[in-house]
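Working through the structure, step by step
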Amino acid sequence: MSDAISEKAGTGFSSGNAPESLPILQLKDVKTDIYQYHILHGVSFEVPRGGVTMLLGRNGAGKTTTLRTIMGLWKPHAGEILLDGAHINGLTPAQIARRGIGFVPEDMGIFSDLSVEENIRLAALSGQPIPERLEWIFGAFPALRTFWKSPAGTLSGGQKQMLSVARAVVEDRELYLIDEPSKGLAPAIVATLAKALKDLKNRGATILMVEQNFSLARALGDHVVVMDDGRIVWTGAMAELSADTALQERLMGLKMEHA
Amino acid sequence: MSESAPTHAPKMATLSLSDRLKPWLPLLLVPALIVLGYFAIDSTSSWLTLTVSGLAMGMMIFVIASGMTLVFGLMDVINFGHGAFISFGAFVGTSVLLALGTMTGAPSLMLNLLAIAAAVLAAMIVTGVMGLAFERVIVRPVYGSHLKQILVTMGGLIVAEQLIYVIWGGHEIVIARPETLKGAITFAGAALEKYRLLAVGVGLVVFLALRAVMRRTKIGLIVRAGVENPEMVQALGYNITRVFVGVFIAGSALAGLGGVMWALYQEIITAHMGNEIMILVFIVVIIGGLGSVEGCFIGALTVGLVQNYAAFLEPKLALISNIALMVAILMWRPMGMVPVIKAK
């Protein structure tokens, strides 16, 4: 993986210049309905600057809805969402993206008809991708260089996920929202993604990630927010959750062996 | 967890030659039809005349339909009011051409083309502004509801037609082609109408320009991505609503251009002419693949050729030829000739 990326503004993955003490993202009593269904029943949590915050929970707990609500793709009917201390409620997804949030959706959101290059170029709001950032992407995901000119629709599932992550990180972002990057992927590809995400984290990026694969969550996460039935049921350090199997079982129904 | 990066072969690497060629098969449809026509029509001169006529008709339908296919693909809007832009374009263009009678009547190709350019410009500006108003007032409140879209855009079409009656009167207007575009040239024993040759050229220029914009510019990239997954385009930081409006205006202006071309082709215009062409436009948009400019181009040329060949070979079949073509193509490719993948 390339070490050529400088940490100065524009080429690194650091999370802005705001005071370290201020959480990068705050949700306060956020309530979201999807059509006639009440999905989020007053969600409140904070994402500290730097590191990976894992959003965990059973299927249907409201994790994806939470990410989509932060991104502005679902409108909350109550509560506040603050990015770097500024309200982003009511902003369009485009405005929120331009405030510095990169989004990797659950379905990857790849444009199949566009080439890999065009997918990346579209994500570079400034016009052309930053060369150093592109080198990092090629270092982390060599397949994207190989199939640079190929239609994204012809890539394998794993390569599409790599492209989805690459597209989010091609621009400087305050925060990355990543929804189940390991979903449906072979272990070897999950390992590649995990390595890239770990490198991103080590370079100072802030990530809020939804993940069902607890091994991956444990390998990457620093902080944990656990949801159930549209509510936050637990927040704390990953080390704490990782060490307490009874807590895992109570919160997420997990019964697993620890390495 | 393993740290080694695996090498994943994409599916494309394992595709057979026939699988790789499959997406390009529709491109062969137009030349195949032309060859088929050559063997089906006894006289070579008749075949050549019909082929140019079919291509000219196809190009005009393409100009009209290209905007509509993008509007449908990008915005998921079924706009039955598209015909209003064709009629308005024809009336505005005709008014300009009649006002520039000295230029159209002069035996100078330059003056004639200048008059047509002025008519086209006026028609495109008026229909572009109409498109903006149409999107704001009629279409925007009904995004996401196809039934409402059909109802309100039909209503918009009726209102627009009535406006034409108010402004230009209820009678049809005869418009003669500019002096140097009247008549035909003889090539290989076939009479080729000068205006039809011009229409083929204009259609080709519009297609190449649209393709260049879609393939080589950032806005084209946004539109192509938006056709597939508008939500993700927004999440990348682009204001898709602004793109919607821009595409709607461009699509309306292209329909206005098509209206002027069709007016000079038929040499007579009526308030409901746009509505009449819409049947062919819908067929082209459907068989081309909703949202695909390339598919629209192939579909329009196919429809133009089939209509002309069928009218010559078996006039009674001409009426159903394009419906039969649509059925055949949809049985072959249910998503249209150049299908656009939708994330929705």
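Throughout, a residue's number is its position along its own chain's written sequence, starting from 1. Labels are handed out in written order, letters beginning with A for the chains and numbers beginning with 1 for the ligands. With pLDDT at 70 or above as the cut-off, local features in this predicted model cover only qualifying residues; side-chain atom pairs require 80 or more to be listed or tallied, and sums for whole chains, interfaces and linings still use all residues.

This part covers the sheet that holds strand E5 (residues 86–87) of chain A. Residues and elements named next belong to chain A. Between any two strands, pairing holds if DSSP finds at least two bridges. Under the DSSP-based scheme used, a helix requires at least four consecutive residues in state H or I and a strand at least two consecutive residues in state E, with every element numbered from the N terminus. If you walk across this open sheet you meet the four strands as E2-E1-E4-E5, and the pairing is antiparallel. Both edges of this open sheet fall to strand E2 (37–47) and E5, since each of them pairs with a single strand only. Strand direction decides the pairing type here: strand E1 (residues 25–34) and strand E4 (residues 76–83), joined by six bridges, are antiparallel. The partner of Thr 32 across the bridge, within E4, is Pro 76.

A word on the packing of helix H3 (residues 44–75) of chain B against helix H11 (residues 240–266) of chain B. Residues and elements named next belong to chain B. Packing of H3 against H11 brings their axes to within 7 Å, and their N-to-C directions diverge by 160 degrees. Considering the angle they form, H3 stands roughly antiparallel to H11. As for how H3 packs across H11, the hand of that crossing is left-handed. Each residue is assigned to one class: nonpolar for Ala, Val, Leu, Ile, Met, Phe, Trp, Tyr, Cys and Pro, charged for Asp, Glu, Lys and Arg, and polar for all the others, Gly among them. Counted by class, the contact of H3 with H11 contains 18 nonpolar, five polar and no charged residues. Here the axes come from fitting lines to C-alpha atoms, over the contacting stretch only for helices, and the angles between their N-to-C directions go from 0 to 180 degrees. Working rule for angles: under 35 degrees goes down as roughly parallel, over 145 as roughly antiparallel, 65 to 115 as roughly perpendicular, anything else as oblique. Helix crossings are classified by the rotation of the near helix relative to the far one: an anticlockwise turn of less than a right angle makes the crossing left-handed, while a clockwise turn makes it right-handed.

Our next topic: helix H1 (residues 63–70) of chain A. All names here are of chain A. Burial is judged by counting other C-beta atoms within 10 Å of a residue's own C-beta: 20 or more means buried, 12 or fewer means exposed, and anything between counts as partly exposed, with every C-beta placed from the backbone. Extensive coverage of H1 is indicated by the burial of eight of its eight residues. Among all positions of H1, only Lys 63, Thr 64, Thr 65, Thr 66, Leu 67, Arg 68, Thr 69 and Ile 70 are buried. Following H1 by one or two positions, Gly 72 adopts a phi angle in the positive range, close to 85 degrees.

Looking now at the interface of chain B and chain A. Residues are scored as being in contact if the C-beta atoms we place from backbone atoms lie within 7 Å. The interface of chain B with chain A comprises 25 residues on the first partner and 36 residues on the second. When the residues that make up the side of chain B that touches chain A are grouped by side-chain class, the tally is 14 nonpolar, six polar and five charged.

Before going further, it helps to spend a moment on the pairing of E1(A). Residue and element names in this part refer to chain A. Two elements, E1 and E2, share eight bridges in a ladder whose sense is antiparallel. Its bridge partner lying in E2, Leu 25 is registered against Val 47. Taking the residues between adjacent antiparallel strands as the criterion, E1 and E2 are bridged by two residues, where Tyr 35 takes a positive phi near 55 degrees.

Another point: helix H6 (residues 157–169) of chain A. All names here are of chain A. Here the expected span of a helix is defined as 1.5 Å times the quantity of residues minus one. Helix length check: H6, at 13 residues, gives a terminal C-alpha distance of 19 Å against a target of 18 Å (1.5 Å per residue), a fit within 8%. A large share of H6 lies buried, amounting to twelve of its 13 residues. For H6, the full list of buried residues reads Gly 158, Gln 159, Lys 160, Gln 161, Met 162, Leu 163, Ser 164, Val 165, Ala 166, Arg 167, Ala 168 and Val 169. For H6, the secondary structure elements touched by its buried residues are strand E6 (101–104), helix H3 (116–123), helix H4 (131–140), helix H5 (142–146), strand E7 (175–179) and helix H7 (187–202).

A separate point is the packing of helix H6 (residues 109–139) of chain B against helix H7 (residues 146–168) of chain B. Packed helices, taken two at a time, are described by the angle between their axes plus the distance between the axes. Residue and element names in this part refer to chain B. Running from N to C, H6 and H7 point in directions that differ by 135 degrees, and their axes come no closer than 10 Å. Here H7 runs oblique to H6, going by the angle between their axes. Handedness of the H6/H7 crossing: right-handed. Along its contact with H6, which presents Phe 134, Ile 138 and Val 139, the element H7 presents Val 152, Thr 153 and Gly 156. When its residues are assigned to classes, the contact of H6 with H7 shows four nonpolar, two polar and no charged.

Taken as a whole, chain A shows an average pLDDT of 87; of its residues, 90% reach a score of 70 or greater. Confidence of the predictor in every single residue is expressed as pLDDT, which spans 0 to 100. Ignoring residues within four places in sequence, the model shows residues 1–11 of chain A, a span with pLDDT below 50, making 26 contacts including any to other chains.

In this section: the confidence of the model for chain B. Low-pLDDT portions of the prediction should not be read for the details of their coordinates. Residue and element names in this part refer to chain B. Averaged over every residue, the pLDDT of chain B is 90; residues scoring 70 or more account for 94%. Taken together, the stretch residues 1–6 has pLDDT below 50 and engages in twelve contacts with residues farther than four places along the chain or on a different chain. Across residues 8–12, confidence stays below pLDDT 50; counting only partners more than four residues off in sequence or on other chains, it has 16 contacts. In the model output, the complex is listed with pTM 0.83 alongside ipTM 0.87.

Further remarks concern unusual backbone geometry. Residue and element names in this part refer to chain A. Even without a glycine there, the phi angle at Asp 29 is positive, about 50 degrees. Tracing the chain through its elements places Asp 29 in strand E1. On the basis of neighbour counts, which here come to 13 C-beta atoms within 10 Å, the residue Asp 29 falls in the partly exposed class. One non-glycine residue with positive phi stands out, namely Asp 84, at about 55 degrees. Note that Asp 84 resides in the loop between E4 and E5. By C-beta crowding, Asp 84 is classed as buried, having 20 other C-beta atoms within 10 Å.

With that settled, the discussion passes to the pairing of strand E2 (residues 184–187) of chain B. Residue and element names in this part refer to chain B. Inspection of the sheet shows E2 paired to strand E3 (residues 190–193) by four bridges, in the antiparallel sense. Of the residues in E3, the one forming a bridge with Ala 184 is Glu 193. In this antiparallel pair of consecutive strands, E2 and E3, the connection spans two residues, and Ala 188 shows a positive phi of 50 degrees.

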